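# Architecture and fold: a report
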Amino acid sequence: MTHQDELKQLVGKAAVKYIQDHTVVGLGTGSTVKFMVDALGQRVKEEGLSIVGVPTSERTRKQANNLGIPTKGVDEVDHIDLTIDGADQIDQNFQGIKGGGGAHLWEKIVAINSDKNMWIVDESKMTNQLGSFPLPLEVIPYGSVQLFKRLQEKGYNPEFRISDGKKVKTDSNNDIIDLHLHQIKDPQALALELDQMTGVVEHGLFLDIVNTVIVGRESGPEILTANR
Ligand SMILES: O=C[C@H](O)[C@H](O)[C@H](O)COP(=O)(O)O
């Protein structure tokens, strides 16, 4: 296991301690969350913890079910107590970029319907300014080439996400366009602009959403609490 994976595992294990019996838990997506779901599966098996998971991707749903963690869709629960998810970048104001794994649409839907949100990251994700990580957009395939041109005209350096020579498809069968912005000076203004662009289903800016961040550091997990 790489050192970065060790830090991801550390925060994954630390996070599941916050999960209480008989609660509904949003399960994020990504390599860090994978460790968290493993640790949650262990608690379910060893302690008989009784929870319902609301997965934010097909990947996470499969992993959870294979570990014996029962899951429901977001519209099958009446509330979500806590969602634990990863992030690609987090700034000092607890604003984040997500969607490096293409799951940010479902993740945002689950996040805004959760009482509390926790992000788990290794220390490399913490930054002074968002933007060195490309900002993902989930876009409707219809008209996406025209949308791409509009993003180019704005100077946003768009790039369709491609894997094995094909456009990456999300769990909602949409495309992903990554914006190589390098630095995002005003995340709120950019979010507003992208929210208003026809064809953009959702962008990866997660603003004013997270309550607690667990950062995996050499010295151990550091718990940061947002003032919201
Ligand atoms: O779409 C993917 C999610 O937003 C992930 O939470 C994010 O990309 C972080 O993933 P990882 O833990 O693999 O770095």
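Everything quoted here is computed from the prediction, not taken from an experiment.

### Structural notes on the packing of aromatic side chains
With the rule as written, the count across this model stands at two aromatic pairs. Note on Phe148 and Phe160: the rings are 5.1 Å apart at their centroids and 10° apart in plane angle, and the pair reads as stacked. Of this pair, Phe148 sits in helix α5 (residues 144–153) while Phe160 sits in strand β8 (residues 158–160), and the two are twelve residues apart along the sequence. Each member of the pair Phe148 and Phe160 is classed as buried. Directly above the ring of Phe160 sits Lys167, whose terminal nitrogen or CZ lies 4.2 Å from the centroid.

### A few points about the site of the ligand
Taken together, 16 residues lie around the ligand, and Ser31, Thr32, Asp88, Gly99 and Glu107 are the ones closest in. One of the side-chain N or O atoms of Lys98 is found 2.9 Å from an oxygen atom in the ligand. Between the ligand and Gly101, the relevant distance is 3.0 Å, taken from an oxygen atom to a main-chain nitrogen or oxygen of the residue. Burial of the ligand by the protein chains amounts to 91% of its free accessible area of 370 Å². Broken down by class, the residue content of the shell around the ligand amounts to two nonpolar, nine polar and five charged.

### Considerations on the sheet that holds strand β12 (residues 200–203)
Spatial strand order, β8-β11-β7-β12: four strands in an open sheet with antiparallel pairing. In this open sheet, the two edge strands, each paired with only one partner strand, are β8 and β12. Sheet twist, expressed as the mean angle between neighbouring strand axes with direction ignored, is 30°. The pairing of β8 with strand β11 (residues 175–179) spans three bridges and is antiparallel.

### Describing unusual backbone geometry
One non-glycine residue with positive phi stands out, namely Phe94, at about 65°. Considering the arrangement of structural elements, one finds Phe94 in the loop between β4 (89–90) and β5 (96–97). For Asp208, which is not glycine, the phi dihedral falls at a positive 55°. If you trace the backbone, Asp208 turns up in the loop between β13 (205–206) and β14 (212–217). Assessed through its relative accessible area of 47%, Asp208 is described here as partly exposed.

### Some details on the pairing of strand β6 (residues 114–122)
Counting buried positions along β6 gives seven out of nine residues, so the element sits mostly inside the fold. One ladder, built from five bridges, connects strand β3 (residues 80–85) with β6; its direction is parallel. When the sheet's bridge partners are listed, Thr83 is paired in β6 with Asn117. Relative to β14, β6 is paired through five bridges, and the arrangement is parallel. Across the sheet, residue Met118 finds its bridge partner in β14, namely Thr212.

### Brief notes about the environment of Ser132
In this fold, Ser132 is placed in the loop between β6 and β7 (135–139). For Ser132, a relative accessible area of 54% gives the class exposed. If we skip the residues at most four places from it in the chain, Ser132 touches Gln89 and His182. Of the polar contacts made by the side chain of Ser132, one reaches the side chain of Gln89; its length is 2.7 Å.

### A few points about helix α3 (residues 58–66)
Within the span of α3, buried status applies to Thr60, Gln63 and Ala64. Each buried residue of α3 lies within a common arc of 95° when the element is viewed along its axis, so the set occupies one face. Residues of α3 that are buried make contact with β1 (24–27), α2 (31–47) and β2 (52–55). Just downstream of α3 lies Gly68, where phi reads positive at about 85°.

### Notes on the sheet that holds β4
Ordered by their spatial adjacency, three strands build an open sheet running β4-β5-β13, and the pairing between neighbours is antiparallel. Of all strands in the sheet, those with a lone pairing partner are β4 and β13, marking the two edges.

Reading the values: rules and limits
Residues numbered from 1 in each chain as written. Predicted model: local features only at pLDDT ≥ 70, side-chain atom pairs only at ≥ 80, totals over all residues. Heavy atoms only, no water. Phe/Tyr/Trp six-rings, centres within 6.5 Å; stacked < 30°, edge-to-face > 60°. Helix = DSSP H or I, 4+ residues; strand = E, 2+ residues; numbered from the N terminus. Buried < 20%, exposed > 50% of the residue type's maximum accessible area, 1.4 Å probe, protein only. Lys NZ or Arg CZ within 6 Å of the ring centre and 35° of its normal. Near = heavy atom within 4 Å. Polar contact = N/O pair within 3.5 Å; in protein donor to acceptor, adjacent residues only side chain to side chain. Areas by Shrake-Rupley, 256 points an atom, 1.4 Å probe, with all protein chains shown as cover. Nonpolar A, V, L, I, M, F, W, Y, C, P; charged D, E, K, R; others polar. Pairing = 2+ DSSP bridges. Axes fitted to C-alpha atoms, helices over the stretch in contact; angles between N-to-C directions. Contact = heavy atoms within 4.5 Å. Arc of directions from axis to C-beta.

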